[in-house]
Every structure is written in structure tokens, then in C-alpha cells.
Amino acid sequence: MKTGIKALGIALGLWLLRNALLNLGLRGLDALLQAWGATEADVVRLPAWAQVCAWAAYTLTMVVGYGVPALLGITYAGRHTQRTLALNGRGVERGLLAGLAAGAGVSVLALVADSMRREPALFAGAAAYVTILNAIAIAVAAVLPEIVSKRVVYDLTQNAALSALMFMFVTSSPMSPVGSVTALLMGLAGVKLYVRRGLLTSAGMFIGWRLATGWLFAWPNASGAGVFRLYTVSDAWLFGGDRGPEAGALVLGACALCAVFCWRTELRGAWSGLMKRMKKT
């Protein structure tokens, strides 16, 4: 019990540090834009060099805001758990490709079903540089939830439920209730993947998902520049609409099936135990 409370406290502390660093960096970025007579909404109207500088400052803010707590989490867990952090890269490519394929597949289905449509392309001299910088920011931001929920909470407590709850808390704060449940199921499946394949594989899959739905196909809930930015037309209940694909019934059902498949042995054992107790009574 004490270990669980301690792990959750450390995880929340790292998340609060993330918020403080991001707020500090974003305030500095706002001051920079105001000095140029612009806001976050009309950065594209600035000269190309100013756009690149603004997005470089944003990317640096994301790297520091997410990277510092992530490094602290890895360091603490490395000193207080028996599990080593394997950084040999085995499986990271498969995880990244699987996440990209899943996110791109949902996006293409939404486009084919005419639930989402592509916005007109942004023609600007700095568009390519800005898009690359935003991809870096999205990838870095996807690392911290994996480290906090798995490397810190799960490694210290060996409790998959606590790990999944922390993953949901870290990733679904701006989401709908459906999106929160989806994030919880993602966390449960991710814990099993972490145990079997390691942190790089589970983190690679989540990074791939975020890159596919926040950068390659930038859904309405994604901030920043994307390759193909989408807007909602219809069927928000199925694909998520403005709240992102995680808030749709399609991704919710897919994550539920994935979680059941990953935990099928434990679920089968729990069901067998329940049947035995019912027979005795």
C-alpha cells in the first residue's frame, strides 16, 4: 500500500513538474509572439524565418517540459526497482510501425466514410520546417506517459490497474468520458506489451499512434501543423470527431478487444475461479 501511494505521488510530482515547465516555456513563447505583433492563431502570417523560430521555441519547450520529468522518472526507477531499462532498440520499430498503421488506418477509414475531410493545404514558405518541428514535439510528448505509467508506477508496484489508471490520467485530461475509457484500455494493453517486449516497444507504439493521429493525419483535437489536417463532417459517435479518434466507438471497441486479447489468460483464470466458487455455493 505504501509503495503504491509513493509511486503515485512520484508520478503526480513528475506530471506537475511537466505542467510547470510547459507553462513557463509557453508564456515565454507568447511574449515572443506579442513582440512580433502576432498570436498563436496567426503565426502563419508571420515571415518564414519568424515561423520557424516560433515553432523551434515551441519544440524546445516540449522537449524540456516532457524530457526533464521523463529523465527524472527513468533515473528514479532505475535506482529503486530491479527491472533494468533495455535500450537495445529491439522491437521499437515494430511498435512504431504498428502504432502508425493503426492511427493511419482509422484516419483513412474516417476519410473514406466521409466522416472527416481534409482541410486545404497550408502554402507557406516555412510549412515543411514547421511540420517537422511539430512531429518532434508530438513524439517527445508521447514518451512521458509511458515512462510515468510503466517505468515508475508499474515497476514500483507491479500493479497493472494502477499503471493503466495513471496512463489514463496523463493522456486523457482533455478527452471525453469515452476517450478516458479508451485511454484506460490502452493502458491495460500497454502494460502487457511492456512486460513482454519492454519499454521501447510499448512507447514506440504509442508514439506511432500519436504521430499518425496528431501529425500525419492531424485530427481537430491536435495542435500544430500536420501533413493532412482533418475536420469533422459527420458520425462523430463512431470516429470521435473534434475530440479525436479515441473518443469514437470504433477505437473504443478495438482497444477493448486488444485489452481482452492481451489479458486473456488472466481473464480465463478469473472466470474459472468464479465458476468453481459458484459450484461450491
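Preceding this paragraph is the structure being described.
Residue numbers restart at each chain and count upward from 1, following the sequence in its written direction. Only residues with pLDDT of 70 or above have their local features reported here, since the model is predicted, and side-chain atom pairs are shown and tallied only from 80 upward, although totals for entire chains, interfaces and linings are computed over all residues. Side-chain measures here rest on the full set of heavy atoms in the structure, leaving out hydrogens and waters.

### Some words on the overall build of the protein chain
Then step 1. Each helix is a run of DSSP H or I of at least 4 residues and each strand a run of E of at least 2, with the numbering of both proceeding from the N terminus. Broken down by element type, the protein chain carries 11 helices and 3 strands.
Then step 2. For the radius of gyration, the atom set is restricted to C-alpha positions; the globular benchmark scales as 2.2 Å times the number of residues to the power 0.38. Compactness check: the protein chain gives a C-alpha radius of gyration of 20 Å against a globular reference of 19 Å for 281 residues, within 12% of the reference.
Then step 3. Taken along its principal axes, the extent of the C-alpha atoms in the protein chain is 75 × 45 × 30 Å.
Then step 4. For the protein chain, with 281 residues in total, the buried portion stands at 42%.
Then step 5. All accessibility values rest on the Shrake-Rupley procedure with a 1.4 Å probe; residue burial counts only the protein chains present in the view. Of the roughly 14,800 Å² of accessible surface on the protein chain, a fraction of 67% belongs to carbon and sulfur atoms.
Then step 6. We treat Lys and Arg as the positive residues and Asp and Glu as the negative residues; His and chain ends play no part in the count. Charge placement uses NZ in Lys and CZ in Arg. For Asp and Glu, CG and CD serve respectively. Of note, the protein chain has its 25 positive side-chain charges centred 16 Å away from the centre of its 12 negative side-chain charges. When accessible area is computed with a 1.4 Å probe and restricted to protein chains, residues below 20% of their type maximum are described as buried, those above 50% as exposed, and intermediate ones as partly exposed.

### Here's the deal with the pattern of salt bridges
Then step 1. Salt bridge, as used here, is a side-chain nitrogen of Lys or Arg placed within 4 Å of a carboxyl oxygen of Asp or Glu. Applying the stated criterion to the full structure yields 4 salt bridges.
Then step 2. Here arginine 117 and aspartate 114 are joined by a salt bridge, their closest N and O atoms 2.8 Å apart.
Then step 3. By relative accessible area, arginine 117 is classed as partly exposed at 37%.
Then step 4. For aspartate 114, a relative accessible area of 31% gives the class partly exposed.
Then step 5. With its nearest N and O atoms 3.2 Å apart, the salt bridge here joins glutamate 146 to lysine 150. With glutamate 146 and lysine 150 both in helix α5 (residues 143-157) and 4 residues apart, the pair spans about one turn of that helix.
Then step 6. Classification of lysine 150 as buried rests on a relative accessible area of 0%.

### Some details on helix α1 (residues 2-35)
Then step 1. Multiply 1.5 Å by the residue count of a helix minus one, and that product is the helix's expected span. An ideal rise of 1.5 Å per residue puts 50 Å on 34 residues; α1 measures up with 50 Å between its terminal C-alpha atoms.
Then step 2. Among the residues of α1, those classed as buried are Gly4, Ala7, Ala11, Leu14, Trp15, Arg18, Leu22, Leu29 and Leu33.
Then step 3. Whether two residues are in contact is decided by their heavy atoms, any of which lying within 4.5 Å being enough. Buried residues belonging to α1 abut α2 (48-80), α5 and α6 (160-171).
Then step 4. Among the residues trailing α1, glycine 37 stands out with phi positive, at a value near 75°.

### Details of the sheet that holds strand β2 (residues 217-218)
Then step 1. Taken in spatial order, the 3 strands line up as β1-β3-β2 in an open sheet, and their pairing is mixed. Every other strand in the sheet has two partners, leaving β1 (116-118) and β2 as the edge strands with one partner each.
Then step 2. Pairing between β1 and strand β3 (residues 228-232): 3 bridges, direction antiparallel. Within the sheet, the bridge partner assigned to arginine 118 lies in β3 and is leucine 230. We call two strands paired when DSSP finds no fewer than two bridges between them.

### Some remarks on the packing of helix α10 (residues 249-262) against helix α11 (residues 264-280)
Then step 1. The axes used here are C-alpha line fits, helices contributing only the stretch in contact, and every angle between their N-to-C directions lies in the interval 0 to 180 degrees. Close contact between α10 and α11 brings their axes to 5 Å; oriented N to C, the two are set at 75°. When the interaxial angle is binned, α10 and α11 end up roughly perpendicular. Between α10, through Val260, Phe261 and Cys262, and α11, the contact on the second element is made entirely by Arg264, Glu266 and Leu267.
Then step 2. Across the contact of α10 with α11, the residue classes break down as 4 nonpolar, no polar and 2 charged. Angles are sorted into four bins: roughly parallel if under 35 degrees, roughly antiparallel if over 145, roughly perpendicular if 65 to 115, and oblique for all others. Residue polarity follows a fixed list, in which Ala, Val, Leu, Ile, Met, Phe, Trp, Tyr, Cys and Pro are nonpolar, Asp, Glu, Lys and Arg are charged, and the others, Gly among them, are polar.

### A word on the side chain of arginine 18
Then step 1. Mapped onto the fold, arginine 18 is located in helix α1.
Then step 2. By relative accessible area, arginine 18 is classed as buried at 15%.
Then step 3. Sequence-distant contacts of arginine 18, defined by excluding residues within four places in its chain, comprise Gly65, Tyr66, Pro69 and Leu144.

### Things to note about the packing of aromatic side chains
Then step 1. Geometry of aromatic contacts follows a simple scheme: Phe, Tyr and Trp rings, the Trp one being its six-membered ring, pair when their centres are within 6.5 Å, and the pair is stacked under 30 degrees between planes, edge-to-face over 60, tilted otherwise. Inspection of the entire model under this criterion finds 4 aromatic pairs.
Then step 2. Between tyrosine 154 and tyrosine 194 the ring centres are 6.2 Å apart and the planes differ by 85°, which places this aromatic pair in the edge-to-face class. Taken together, the positions of tyrosine 154 in helix α5 and tyrosine 194 in helix α7 (residues 177-197) put the pair 40 residues apart, joining distant regions of the chain.
Then step 3. Here the aromatic rings of phenylalanine 167 and phenylalanine 206 are separated by 5.1 Å at their centres, their planes lie at 70°, and the arrangement is edge-to-face. Pair noted here: phenylalanine 167 is in helix α6 and phenylalanine 206 is in helix α8 (residues 199-216), with a separation of 39 residues, a long-range link. Each of the two residues, phenylalanine 167 as well as phenylalanine 206, counts as buried.
Then step 4. The aromatic ring of tryptophan 15 is capped on one face by arginine 18, whose charged end is 4.2 Å from the ring centroid.
Then step 5. The aromatic ring of tryptophan 263 is capped on one face by lysine 192, whose charged end is 4.1 Å from the ring centroid. Charges are assigned to positions over rings by a cutoff of 6 Å between ring centre and Lys NZ or Arg CZ, combined with an angular limit of 35 degrees from the ring normal.

### Quick notes on unusual backbone geometry
Then step 1. The phi torsion at glutamine 158 lies on the positive side, around 55°, for a residue other than glycine.
Then step 2. Summarising the element assignment, glutamine 158 is placed in the loop between α5 and α6.
Then step 3. Using a relative accessible area of 53% as the deciding quantity, one classes glutamine 158 as exposed.
Then step 4. Backbone geometry at aspartate 235 places phi at a positive 55°, although glycine is not the residue there.
Then step 5. Structurally, the position occupied by aspartate 235 is in the loop between β3 and α9 (236-239).
Then step 6. Classification of aspartate 235 by relative accessible area gives partly exposed; the value is 33%.

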